[in-house]
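Summary of structural features
Chain by chain, the residues:
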Amino acid sequence: MGCCFTPLSAPLIKRFDESDNDLERFLMDEYRYKNWIAITNIFPETEAYASHIIDEGDIDIILKICDTEVRTMNEVRNVLEKNKGKYISIDFEDGKRMVVSDIDGNARNTDKTI
């Protein structure tokens with residue numbers, strides 16, 4: 001897929017909070033006791049990069065992958081494994097959606113070269 005999935009943490013929020021993301025809200029009680037997964041990097045020359053959904057140097061918080069809520073890295077792995085060879089949709093906390101094709105294994109093959 002060309003993305004780095006990372007559990008959201010306080011140091012990560014502080015590192016990226018200079019952007020326009022308003023990530024500091026994830027340090028408040030309402031959000032901080034939940035597990036969150038973020039995309040922290042999208043590699044150039046990938047379908048995810050070409051989508052222009054996440055700006056370079058920015059991160060986005062994931063709500064769902066393929067209409068399944070994900071809160072841990074194991075859940076991310078399981079959903080991606082279950083959806084091999086399909087279109088992968090990622091819904092973000094800010095309302096954006098990214099769709100990447102894994103038809104013919106393209107996304108998985110890209111990941112092997114990164």
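Everything below is about the structure printed above this text.
All of the points below concern the structure found in this document. Note on numbering: residues in each chain are counted from 1, in written sequence order. Confidence filtering applies because this is a predicted model: local features only for residues at pLDDT of at least 70, side-chain atom pairs given and counted only at 80 or more, and all residues used for totals across whole chains, interfaces and linings. Side-chain measures here rest on the full set of heavy atoms in the structure, leaving out hydrogens and waters.

Another point: the pairing of strand β5 (residues 87–92). Exposure categories follow from relative accessible area, calculated using a 1.4 Å probe and restricted to protein chains: below 20% of the type maximum is buried, above 50% is exposed, and the middle band is partly exposed. Numbered from the N terminus, helices here are DSSP runs of H or I no shorter than four residues, and strands are runs of E no shorter than two. Within β5, five of the six residues are buried, leaving the element largely enclosed by the surrounding structure. When strand β3 (residues 60–65) meets β5, the two strands line up antiparallel, connected through three bridges. The residue of β5 that forms the bridge with isoleucine 62 is phenylalanine 92. As paired elements, β5 and strand β6 (residues 97–101) share five bridges and run antiparallel to each other. Within the sheet, the bridge partner assigned to aspartate 91 lies in β6 and is arginine 97. A pair of strands counts as paired when DSSP detects no fewer than two bridges linking them. Between β5 and β6, which follow one another and run antiparallel, lie four residues, and glycine 95 among them has a positive phi close to 95°.

In this section: the nonpolar core. Throughout, nonpolar core names a set of buried Ala, Val, Leu, Ile, Met, Phe, Trp, Tyr and Cys residues whose side chains join them through atoms within 4.5 Å. Formed by 19 residues in total, the largest nonpolar core has its most connected members in Cys3, Phe5, Ile39, Ile62, Ile65, Ile90 and Met98. Sorting the residues of this core by element identifies β1 (3–7), β2 (37–42), β3, α4 (73–82), β5 and β6 as the ones contributing at least two each. Any two residues having at least one pair of non-hydrogen atoms within 4.5 Å are treated as being in contact. Other than its neighbours up to four places away in sequence, isoleucine 65 contacts Phe5, Val70, Val76, Val79, Leu80, Ile88, Ser89 and Ile90. By size, the runner-up hydrophobic cluster in this structure holds 11 residues, among which are Leu8, Ile13, Phe26 and Ile61.

Salt bridge, as used here: a side-chain nitrogen of Lys or Arg that lies within 4 Å of a carboxyl oxygen of Asp or Glu. Tallied over the entire structure, the rule returns seven salt bridges. Arginine 25 is the salt-bridge partner of glutamate 93, the closest N and O atoms lying 2.2 Å from each other. Of this pair, glutamate 93 sits in the loop between β5 and β6 while arginine 25 is found in the loop between α1 (10–16) and α2 (29–32), placing the two residues 68 residues apart along the sequence. The partner of arginine 97 in a salt bridge is aspartate 91, with the nearest N and O atoms 2.6 Å apart. On the basis of relative accessibility, which here comes to 42%, the residue arginine 97 falls in the partly exposed class.

Let us look at the side chain of threonine 40. As for its placement among the helices and strands, threonine 40 is situated in strand β2. A distance of 3.1 Å separates a polar atom in the side chain of threonine 40 from a polar atom in the side chain of threonine 6. Those residues in contact with threonine 40, other than ones at most four positions away along the chain, are Cys4, Thr6, Leu12, Phe16, Asp58 and Ile59. We call two N or O atoms a polar contact when they sit within 3.5 Å, provided that within protein one can donate a hydrogen and the other can accept it, with sequence-adjacent residues counted only if both atoms are side-chain atoms.

Next up on the list: the state of the cysteines. Any cysteine sulfur atom paired with another within 2.5 Å is treated as part of a disulfide. For the coordinates displayed, the defined rule picks out zero disulfides. Here cysteine 4 stays unpaired: no disulfide links it, and the sulfur of cysteine 3, its closest cysteine neighbor, is 7.9 Å away.

What follows deals with the environment of tyrosine 49. Relative to the helices and strands, tyrosine 49 resides in helix α3 (residues 47–50). Among the residues examined, tyrosine 49 registers a relative accessible area of 33% and is labelled partly exposed. Tyrosine 49 sits 46 residues away from cysteine 3 along the chain, and the two C-alpha atoms are 8.5 Å apart. Once residues lying within four places of it in the same chain are set aside, the contact partners of tyrosine 49 are Ile42, Phe43, Pro44 and Glu56.

Everything listed here is a matter of geometry and, on its own, says nothing about what the molecule does.
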